[in-house]
Amino acid sequence: WVSGRYHLPMDGLMLSLVTVAMARAGARELVELTLYANMREGQDASLIGLFSDWRDVAVETPRGHATVLGVALQVADILRH
């Protein structure tokens, strides 16, 4: 429901739930993550090597006023840019 109403991709929504859990469990106001994505050029599977791309992200989760929806919107914005 939230994914469709707020136009959030499901993978971003799942990542935001993990981010909120890490923030709450560790009592952190800043959660830093490194996201990896496998990369391949075309259909040629004969290449051997580690082809990947990564992005370091930091999500602010202030204890006083961070909500699950707020973190989900912030994560979605980070993933878009």
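Preceding this section is the structure that the text describes.
A short tour of the structure in this document, coming up. The structure displayed is predicted, hence computed values, not measured ones. (Residues numbered from 1 in each chain as written. Predicted model: local features only at pLDDT ≥ 70, side-chain atom pairs only at ≥ 80, totals over all residues. Heavy atoms only, no water.)

### So, the overall build of the protein chain
Check the secondary structure of the protein chain and you find 3 helices and 2 strands. If you list the helices and strands of the protein chain from N to C, you get α-α-β-β-α. Out of the 81 residues belonging to the protein chain, those deemed buried represent 21%. For the protein chain, contacts bridging at least 24 residues in sequence account for 51% of all contacts bridging at least 6. Put simply, the protein chain shows about 6200 Å² of open surface, and 57% of that area lies on carbon and sulfur atoms. (Helix = DSSP H or I, 4+ residues; strand = E, 2+ residues; numbered from the N terminus. Buried < 20%, exposed > 50% of the residue type's maximum accessible area, 1.4 Å probe, protein only. Contact = heavy atoms within 4.5 Å. Areas by Shrake-Rupley, 256 points an atom, 1.4 Å probe, with all protein chains shown as cover.)

### Here's the deal with a nonpolar patch on the surface
A surface patch of nonpolar side chains, amounting to about 370 Å² of accessible area, comprises Met 10, Met 14, Leu 17 and Val 68. Ranked by residue count, the leading element in the nonpolar patch is helix H2 (residues 10-26), at 3 residues. Within the secondary structure, Leu 17 is located in helix H2. (Patch = residues over 30% accessible without salt bridge, like charges linked within 9 Å, V, L, I, M, F, W, Y side chains within 5 Å. Salt bridge = Lys/Arg side-chain N within 4 Å of Asp/Glu carboxyl O.)

### Side note on the environment of Val 20
For Val 20, the position within the fold is in helix H2. C-alpha separation for the pair Val 20 and Thr 61, spaced 41 residues apart in sequence, amounts to 7.5 Å. Every residue in contact with Val 20, bar those within four places of it in the chain, is listed here: Val 68 and Val 71.

### Re unusual backbone geometry
We note that His 7 has phi near 55°; this positive angle belongs to a residue other than glycine. One can find His 7 in the loop between helix H1 (2-5) and H2. Of the residues examined, His 7 reaches a relative accessible area of 63% and is grouped as exposed.

### Remarks on the packing of H2 against helix H3 (residues 68-80)
Orientation of H2 relative to H3, taken along the N-to-C sense of each, is 125°, at an axis distance of 9 Å. Here H2 is positioned oblique relative to H3, judged by the angle of their axes. Crossing hand, H2 versus H3: right-handed. When H2 is examined against H3, the residues Gly 12, Leu 13, Leu 15, Ser 16, Leu 17, Thr 19 and Val 20 are found in contact with a partner set consisting of Val 68, Val 71, Ala 72, Val 75 and Leu 79. Residues that form the contact of H2 with H3 fall into these classes: 9 nonpolar, 3 polar and no charged. (Axes fitted to C-alpha atoms, helices over the stretch in contact; angles between N-to-C directions. Parallel < 35°, antiparallel > 145°, perpendicular 65-115°, else oblique. Left-handed = near helix turned anticlockwise from the far one by under 90°. Nonpolar A, V, L, I, M, F, W, Y, C, P; charged D, E, K, R; others polar.)

### Overview of H2
With 17 residues, H2 ought to run about 24 Å at 1.5 Å a step, and its terminal C-alpha atoms sit 24 Å apart, in line with that. Along H2, the positions that sit buried rather than exposed are Gly 12, Leu 13, Ser 16, Thr 19, Val 20 and Ala 23. Take H2 and look down its axis: the buried residues cluster within an arc of 115°, on one side only. H2 presents Asp 11 and Ala 25 as exposed residues on the side facing more than 90 degrees away from its buried surface. The elements touched by buried residues of H2 are H1, strand S1 (30-38), strand S2 (52-60) and H3. Trailing H2 by a residue or two, Ala 27 shows a phi angle of about 50°, which is positive. (Expected span 1.5 Å × (residues − 1). Arc of directions from axis to C-beta.)

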